[in-house]
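Listed below, chain by chain, are the residues.
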Amino acid sequence: QKEVEQNSGPLSVPEGAIASLNCTYSDRGSQSFFWYRQYSGKSPELIMSIYSNGDKEDGRFTAQLNKASQYVSLLIRDSQPSDSATYLCAVMALDSWGKLQFGAGTQVVVTP
Amino acid sequence: DGGITQSPKYLFRKEGQNVTLSCEQNLNHDAMYWYRQDPGQGLRLIYYSQIVNDFQKGDIAEGYSVSREKKESFPLTVTSAQKNPTAFYLCASSRDETGELFFGEGSRLTVL
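Residues numbered from 1 in each chain as written. Chains lettered and ligands numbered in written order. Predicted model: local features only at pLDDT ≥ 70, side-chain atom pairs only at ≥ 80, totals over all residues. Heavy atoms only, no water.

S.K.: Describe the overall build of chain A, and please don't skip the residues or the numbers.
M.R.: When its secondary structure is counted, chain A shows zero helices and 11 strands. Shown N-terminal to C-terminal, the secondary structure of chain A runs as helices and strands in the order β-β-β-β-β-β-β-β-β-β-β. Referenced to the eigenvectors of the C-alpha coordinate spread, the extents of chain A come out at roughly 45 × 30 × 20 Å. Relative to its 112 residues, chain A shows a buried fraction of 44%. Long-range pairs, those at least 24 residues apart, make up 54% of the contacts in chain A with a sequence separation of at least 6. (Helix = DSSP H or I, 4+ residues; strand = E, 2+ residues; numbered from the N terminus. Buried < 20%, exposed > 50% of the residue type's maximum accessible area, 1.4 Å probe, protein only. Contact = heavy atoms within 4.5 Å.)

As structure tokens, then:
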């Protein structure tokens, strides 16, 4: 059973602070890693993808990948109330053609 | 504007009835997917299609059927054989095999 684990939260973050979200996965064949943001009642939207070990930055978001530890994380700097959402971690094995395994998500609440 | 259109957004069904959820995309994407989301759970893959007239079962295909007669369209039928059909259904597409999915707004099905 391939599993993607996330802390369900809620993660309460003061406005302007850094939110740190973690994700672990069980399938060592996973090659591609994604963070999707989902507002309440809405559909997910892709915010970050990462394919190699290390950090990848995009605006206020930084994704970190450590394949040896089977661990991927997302940092949100200067958190804003508009960042309040559920963040879904997803992984994909090589040659799986878009078939993602999703975690249950971490709810983030940014408080003014 | 390019995107994915799902309809209906809300649907109520009596037990024993089949229902079909529509998914149309004008992104010119080859691959299309159906995911199911239950409260507190990650998205689970029902069916996917990489090309017209071809589709594959995902992790939870029992009680569902699909067709892919046109590149733009990938309807999902929830049959009476699906024992617990109440859920949020999400259609997605991707340009390639990278796993970067674009989602429609979703269809929320409730069985009465």
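Text resumes after the structure shown.
S.K.: If you had to explain the side chain of Ser49 of chain A to someone new, which residues and values would you point to?
M.R.: Take Ser49 of chain A: it is sitting in strand β5 (residues 45-50). Here Ser49 of chain A falls in the buried class, since its relative accessible area comes to 8%. Separated by 3.2 Å, the side chains of Ser49 of chain A and Glu100 of chain B make a polar contact. (Polar contact = N/O pair within 3.5 Å; in protein donor to acceptor, adjacent residues only side chain to side chain.)

S.K.: Report on the state of the cysteines, specifying residues and quantitative values.
M.R.: Following the criterion strictly, the structure yields two disulfides over all chains and no others. The disulfide bridge from Cys23 of chain A ends at Cys89 of chain A, spanning 2.1 Å between sulfur atoms. With the S-S dihedral at roughly -75°, the linkage between Cys23 of chain A and Cys89 of chain A falls on the left-handed side. You can see Cys23 of chain A sitting in strand β3 (residues 19-25) and its partner Cys89 of chain A sitting in strand β9 (residues 85-93), a full 66 residues away along the chain. Grouping residues by exposure puts Cys23 of chain A and Cys89 of chain A together as buried. Disulfide pairing is shown between Cys23 of chain B and Cys91 of chain B; the S-S distance is 1.9 Å. Between Cys23 of chain B and Cys91 of chain B, the S-S dihedral sits near -75°, and the bridge is therefore left-handed. Placement of Cys23 of chain B in strand β3 (residues 19-25) and of Cys91 of chain B in strand β9 (residues 87-94) is noted, with a sequence separation of 68 residues between them. As far as the burial class goes, Cys23 of chain B and Cys91 of chain B line up, both buried. (Disulfide = S-S within 2.5 Å.)

S.K.: Describe the layout of surface pockets, listing the residues and the values that go with them.
M.R.: Size it by volume and the largest pocket reaches roughly 470 Å³. Gln38 of chain A together with Gln37, Asp38, Pro39 and Gly40 of chain B are the residues nearest the centre of the largest pocket, which is lined by 24 residues in total. Only β9 of chain A together with β9 and β11 (107-111) of chain B provide two or more residues apiece to the lining of the largest pocket. Classifying every residue of the lining of the largest pocket by side-chain character gives eight nonpolar, 13 polar and three charged. (1 Å grid on protein atoms, 1.4 Å probe; cavity = no way out; pocket = protein on both sides within 12 Å on 5 of 7 lines; lining within 4 Å. Points joined across faces, edges and corners; volume = space filled by probe spheres on them. Nonpolar A, V, L, I, M, F, W, Y, C, P; charged D, E, K, R; others polar.)

S.K.: Lay out the environment of Arg13 of chain B with the relevant residues and their values.
M.R.: Residue and element names in this part refer to chain B. Along the polypeptide, Arg13 turns up in strand β2 (residues 10-13). The class for Arg13 is buried, based on a relative accessible area of 3%. Taking the C-alpha atoms as reference points, Arg13 and Val111, separated by 98 residues in sequence, lie 4.7 Å from one another. Setting aside its immediate chain neighbours within four residues, Arg13 contacts Asn18, Val19, Val78, Thr79, Ser80, Gln82, Pro85, Leu109, Thr110, Val111 and Leu112. A distance of 2.8 Å separates the side chain of Arg13 from the backbone oxygen of Gln17, its partner in a polar contact.

Interpretation in functional terms is not warranted from these geometric data alone.
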